[in-house]
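Reading the structure
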Amino acid sequence: MTDLDETDVALPRRRGRWRAAITLTVVVVLLVGAFAYAGAWFEGLVGNHPAKPAAAPACPATTTSSTLTPADVTVNIYNTTGRKGLARDTATRLRDLGYLVATVSNDPLHQAVAGTALVRYGPSGAEAARVAAGLVRGAALQRDGRPDSSVDLVLGAKFTGLSTSPAATAPAGC
């Protein structure tokens, strides 16, 4: 029988530790990369995402008077804030003013609105969008591809209430 030298046993142990350290490092790097990619994907920086609404073109021609009455405007009210009941309370107020309120909910597009409000509308709803934008001081307009003339009033972080004089307010950026 041969006596094993301590160095004969130590060398394989050291190699095993190095292999484990290298393997663990590779796994950690891959996990960090996967989480970074997932975060970028959720932010919309990589990958295929559903088409986002087109940026708002130049503001629709503004007129001081509209041929639409509140009963002619169909509004969907969406809340993007953490304030509960904001869309419901706004919808009640709009119904009192005579507007047709179709949907009251949180924003299905999960779009963050930093300003007071965003009015989304389709090509046939430009005039209704101007009327709806006049309801909220500083509301921005965003055209999308909807086929009807309904508008979405998306309430943002700075929303404090409906404007008292709709004709006096202009959409933000116009």
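Going by the structure above, here's the rest.
Here the structure is a predicted model, which is why all the values come from computation and not from measurement.

Criteria and thresholds
- Residues numbered from 1 in each chain as written.
- Predicted model: local features only at pLDDT ≥ 70, side-chain atom pairs only at ≥ 80, totals over all residues.
- Heavy atoms only, no water.
- Core = buried A, V, L, I, M, F, W, Y, C linked by side-chain atoms within 4.5 Å.
- Buried < 20%, exposed > 50% of the residue type's maximum accessible area, 1.4 Å probe, protein only.
- Helix = DSSP H or I, 4+ residues; strand = E, 2+ residues; numbered from the N terminus.
- Salt bridge = Lys/Arg side-chain N within 4 Å of Asp/Glu carboxyl O.
- Pairing = 2+ DSSP bridges.
- Axes fitted to C-alpha atoms, helices over the stretch in contact; angles between N-to-C directions.
- Expected span 1.5 Å × (residues − 1).
- Arc of directions from axis to C-beta.
- Contact = heavy atoms within 4.5 Å.

The next point concerns the nonpolar core. Val-75, Ile-77, Leu-94, Val-119, Val-136, Val-151 and Leu-153 are the most contacted members of the largest nonpolar core, which has 26 residues in total. At the level of secondary structure, the elements contributing two or more residues to this core comprise strand E1 (74-79), helix H2 (86-97), strand E3 (117-121), helix H3 (126-133) and strand E5 (151-155). The element that contributes the greatest number of residues to this core is H3, accounting for five residues.

According to the stated counting rule, one finds five salt bridges in the structure shown. Where Arg-120 meets Asp-152, a salt bridge forms, and the shortest distance between an N and an O atom there is 3.5 Å. Taken as a pair, Arg-120 in strand E3 and Asp-152 in strand E5 lie far apart in primary sequence, 32 residues in all. Neither residue differs from the other here; Arg-120 and Asp-152 are each classed as buried. In this structure, Arg-146 engages Asp-152 in a salt bridge whose closest nitrogen and oxygen atoms are separated by 2.7 Å. For the pair formed by Arg-146 and Asp-152, the shared burial category is buried.

It is worth spelling out the sheet that holds strand E2 (residues 100-106) at this point. Spatially, five strands are ordered E2-E1-E5-E3-E4 in an open sheet, and the strand pairing comes out mixed. What marks the edges here is a single partner per strand, and that holds for E2 and strand E4 (140-143). Between one strand and the next, the sheet's axes are offset by a mean angle of 20 degrees, whatever the strand orientation.

Within the secondary structure, Ala-91 sits in helix H2. Here the alpha-carbon distance between Ala-91 and Val-75, two residues 16 residues apart in the chain, equals 8.7 Å.

Okay, H2 next. Look at H2: 17 Å from first C-alpha to last across 12 residues, which is about the 16 Å you get at 1.5 Å a residue. Of all the positions in H2, only Leu-86, Ala-87, Thr-90, Ala-91 and Leu-94 are classed as buried. An end-on view of H2 places all buried positions within 125 degrees of arc, on one side of the element. Projecting away from the buried face of H2 at angles above 90 degrees are the exposed residues Arg-88 and Asp-96. Lining the buried residues of H2 we find E1, E2 and E5. Trailing H2 by a residue or two, Gly-98 shows a phi angle of about 100 degrees, which is positive.

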